[in-house]
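Coordinates in review
Listed below are the residues making up each chain.
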Amino acid sequence: MLVLLILHLVAALAAPPLVRWWGPRACYLLALAPAAAFGWALARTPAVTDGGSVVETYPWIRQLGLELALRTTTLSWLMTLLVGGVGALVLVYSGRYFGPGSLGLARFAAVLVAFAGAMLGLVLADDLLLLYVCWELTTIFSYLLIGHSTERRSSRWAAAQALTVTTLGGLAMLVGFVMLGTHAGTYRWSELATASLPGGAYLVTAVLLILVGALAKSAVLPFTSWLPVAMAAPTPVSAYLHAAAMVKAGVYLIGLLAPALATVGPWRPVVTVAGLATMVVGGWAALRQTDLKLLLAYGTVSQLGLLVVVVGAGTPDAALAGVAMLLAHALFKAALFLVLGIVDHGAGTRDLRELSGLGRREPLLTAVAVLAAASMAGLPPLVGFVAKEAVLAAFLDRPVVLAALVAGTALTVAYSARFVWGAFGDRPGVEPTDVGRIAVPLLAPPALLAGAGLVAGPAAGVLDHVLRPYAELFGPVGKDLALWHGLSPALGLSAVAVAGGAALFALRGPLAPVLARLHAPVSGNQGYEWITRRFDRLAVEVTAVTQRGSLPQYLGTILIALAVVSGGALLTARPWRERIALWDNPLQVVVVTVVAVAAVLAVGARRRLTAMLLVGMTGYGSALLFVLYGAPDLALTQFLVETATIAVFALVLRRLPQRFSVRPLRRRRWVRRAIGLAVGVVAAGLALAAGGARTAPTISDAFPDLAVGEGYGRNVVNVTLVDIRAWDTMGELAVLVVAATGVASLVFQRSRTGPRPRRPEPAGRVNRPGRPVWLRGGPTLSERRRSIVLEVVTRLIFHTVVVFSLFLLFSGHNAPGGGFAGGLVAGLALVVRYLAGGRYELAEAAPVGAGTVLGAGLAVSVGTGVVALLAGAQVFTSTKVDLSLPLVGDFYVVTSLFFDVGVYLVVVGLVLDILRSLGAEVDRHIEAAGHGDRGLAVDRGGEGS
């Protein structure tokens, strides 16, 4: 089974190049993937006929105990036949339906094969979470298929509506799955079905949520509106998704769960009421359509309602009738959609008022349509008759339901006749329709489907033998499938339904005004539009109230919520220890006092630069606390981060006023201080609670031994970052790269990787021969902004600082340091070069694009994991390599060093990107605005880097 899923994946990936090479004929080759699923299921017929199953299990997410659990039973075997068989025929049909050069054909073929694979995974999944994954994949692929004609607004709207409705239903279903799986301790349905299910409101809630997902997927009221709108999709999509596959997913889920959940309180009322209402409403709507595709769409809605009622009834006879109807519906409805596609493709219209005489011109096509429509109407000897009679016989003891079923069946007969008459009948005053020559690949698929319906009717005994194991899950079966049961009540009711439908069709002229007037005051599509508009309006109104453009208001709301909710929980639970040591060292009191005073002064500061420096003091104070607690690595990193942050703030403050804006009223200032104090107290309480909440041994207790034994290093912090928890660091690197890209994209008006700037000649000044220049970029600055002392100091210390950063990088495995700290030190060296010599000097110091450095760092870090994987080890596994060099002696290198090199490069690239965006690019903006030499370092020309 897993091989079949992989085959569909490979075929989907290969579809675009195949279509580009061979055009539509590539669909013939792609049809082999679903055909393989059909052949595989056919070969497993003996296994499921005896009530057995085919099971495959593969590891998936070991930490969560999840597996790729695949299981084939009678119901999933039948669905596999339909998904594979109809899918293969639809692809063969598509090979001729689409002409050479059809827009988006490569995408269409790939998505259709991928949808077939997702649907196959859905029906084979034994794990409910795997089923949900495949469920949502079918939703996404159907969205792409329905919206195939992207240039048409109707297609985009239909795809969005289908996606919205089915996704919301799927999310509700997921919650129900989680509730069942959490209670039972497993998500394997084969185990859940025999496990002790929860009782009371818990189970009722779970069942209702699951039914919401199933009904939404199968377009059952109140989720009907999306299916008729989805007819904007190409006809092959409608034949597959909306007749044989996607809309059957909800019916399949109900059939899968019914043996265990049908007796739960709300199950039968919900499926019966919703299904019968859908059957009658959909059938009545089908009689009002002049677009033959919409007629089939509403007919599909009607029969999906019928399937939900029968499959969800939870009795043996109804279950057998339900799976028979499931098979019959897929055969005749897919055939009718494909027939309609031929008519529409050849005549250019599917409006029954514009079609005439096709019955005489195309007798073979007409015969195929008549066979499929007769099966839909339930006429003997077709399989539709066998299934319909079994349905009526299964509900003889429920007169109300039976009456609704007979009424719905009569409507089915009427719109079946309307379809045949509309597509192939003669209409006075209408020119005869010509569809041209019908190619064999177009006619063969619907002919095979209609022929299968004709063969399956007399072979009802074989169907009964094959499908009975599913029905026996509910108990002993009383009625078998047969073409002839003698004169029975079910046969009489079937005759009544046929006669009633024939009468409705015969009276179509006099009934036309009634049909026009008798309809819902609001259609499903109008209801969907009204709901979405109301949600859009509500979103606008809520946004207008809450998003007022005031940053203090936003922060205040967030902080008040934090203080009230978290603080209330702390006061209620009091989860901290009774005795708390306020300090371990008197120096801690001094540092905390300095930090507190700096924080209070920062709140009252009027100048932005003063506030920035005071906030920096709080950061340096935190670093001193790390020192006092014996954490040199954390202290070093905090010092460097705080210094880099101050430099970034200084760059930003150049474009802001020196003083803060108009201060709020005194009362508001006190309110803000109260909020700040409350949040501080709550944050301290949360820290205390977190520190005392641990009940299990910490996993970090094993880190020192792991660092030495597995990571070959004595610096536990650094080994943890580059080895023990390398995946976390990898994610953080990706975040840094994204952040750098975001910052630059907000500032740069042109490419970030422009040409290296040429040094301009200083205005009004000529360099004398032999005059010493400490920094080549220094002369580009105005005299007022130039500091010879800073240039000299920078010239003397820059290379030493860079070497020190490399020392931190290489020594970090056994001493304080590492790639992050080393990268920050190198970045600060670049900051000093920029401050001393401007953007030209920055280009001299780093003549490479920031994006290149970021990409190289990320590539090196990822590459270490890939190399380990290629060597047969787990990703990011470290290896010790012993080396010996003359004059150096014996030493060793740990492969995680290369991961740390990637961290180093990413940090350097991030600082460089910030300098070039908030520094050099802002310099250029200032000059363009005509502000002269205002700023920390504004050069007098050049193109910037």
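Structural data are supplied above this passage.
The structure contained in this document is the topic of the report that follows. (Residues numbered from 1 in each chain as written. Predicted model: local features only at pLDDT ≥ 70, side-chain atom pairs only at ≥ 80, totals over all residues. Heavy atoms only, no water.)

A short note on the overall build of the protein chain
The helix and strand tally for the protein chain stands at 37 helices and four strands. Dimensions of the protein chain, computed from the C-alpha atoms along their principal axes, are close to 110 × 70 × 70 Å. For the protein chain, the proportion of its 945 residues judged to be buried stands at 50%. A total of about 43,400 Å² of accessible surface is found on the protein chain, and carbon and sulfur atoms cover 67% of it. Put simply, the protein chain has 73 plus and 50 minus side-chain charges, and the middle of one group is 11 Å from the middle of the other. (Helix = DSSP H or I, 4+ residues; strand = E, 2+ residues; numbered from the N terminus. Buried < 20%, exposed > 50% of the residue type's maximum accessible area, 1.4 Å probe, protein only. Areas by Shrake-Rupley, 256 points an atom, 1.4 Å probe, with all protein chains shown as cover. Lys, Arg positive; Asp, Glu negative; His and termini not counted. Charge placed at Lys NZ, Arg CZ, Asp CG, Glu CD.)

Quick word on the pattern of salt bridges
Two side chains bearing opposite charge may form a pair once their charged atoms approach each other closely. Under the criterion given, the structure shown has eleven salt bridges. For Asp-426, the salt bridge goes to Arg-360, with nearest N and O atoms at 3.2 Å. One end of the pair, Asp-426, is in the loop between α20 (399–424) and α21 (440–456); the other, Arg-360, is in helix α17 (residues 358–361), and 66 residues separate them in sequence. A relative accessible area of 44% places Asp-426 in the partly exposed class. Looking at Arg-360, the relative accessible area reads 60%, which means it is exposed. Here Arg-833 makes a salt bridge to Glu-841, at a shortest N to O gap of 2.5 Å. There is no split in this pair, since Arg-833 and Glu-841 are both buried. Among the charged side chains, a network of salt bridges with common partners joins Glu-67, Asp-126 and Arg-188. (Salt bridge = Lys/Arg side-chain N within 4 Å of Asp/Glu carboxyl O.)

A look at the nonpolar core
By size, the foremost hydrophobic cluster in this structure holds 201 residues, and its most contacted members are Tyr-240, Leu-253, Leu-261, Trp-267 and Phe-395. Broken down by element, the residue count for this core peaks at 22 residues, all from helix α16 (residues 316–347). Those residues within four positions of Tyr-240 in sequence are excluded, and the remaining contacts are Val-83, Val-86, Gly-87, Val-90, Leu-112, Phe-115, Ala-116, Ala-245 and Met-246. (Core = buried A, V, L, I, M, F, W, Y, C linked by side-chain atoms within 4.5 Å. Contact = heavy atoms within 4.5 Å.)

Details of empty space enclosed by the protein
Scanning all chains against the criterion turns up eight cavities of 30 Å³ or more. If you add up the space inside the largest cavity, you get close to 110 Å³. Lining the largest cavity we find 13 residues, and of these Leu-306, Met-325, Met-376, Lys-388 and Thr-412 sit closest to its centre. For the lining of the largest cavity, the elements supplying multiple residues, two or more each, are α15 (292–311), α16, α18 (363–377), α19 (383–394) and α20. (1 Å grid on protein atoms, 1.4 Å probe; cavity = no way out; pocket = protein on both sides within 12 Å on 5 of 7 lines; lining within 4 Å. Points joined across faces, edges and corners; volume = space filled by probe spheres on them.)

With respect to the environment of Val-462
Note that Val-462 resides in helix α22 (residues 460–471). Judged by its relative accessible area of 55%, Val-462 falls in the exposed class.

What about a nonpolar patch on the surface?
Together, Trp-60, Val-133, Leu-137, Ile-140, Tyr-143 and Leu-144 make up an exposed nonpolar region whose accessible area comes to about 470 Å². It is helix α7 (residues 128–146) that contributes the most residues to the nonpolar patch, five residues altogether. Within the fold, Ile-140 resides in helix α7. The partly exposed category is assigned to Ile-140, whose relative accessible area is 43%. (Patch = residues over 30% accessible without salt bridge, like charges linked within 9 Å, V, L, I, M, F, W, Y side chains within 5 Å.)

What to know about unusual backbone geometry
Backbone geometry follows two general trends: most residues other than glycine have a negative phi, and most peptide bonds adopt the trans configuration. Across the junction of Leu-221 and Pro-222, the peptide omega takes the value 5 degrees, indicating a cis bond. Summarising the element assignment, Pro-222 is placed in the loop between α10 (200–217) and α11 (226–229). Between Pro-380 and the following residue, Pro-381, the backbone shows a cis peptide bond with an omega angle of 5 degrees. Inspection of the secondary structure puts Pro-381 in the loop between α18 and α19.

Everything listed here is a matter of geometry and, on its own, says nothing about what the molecule does.
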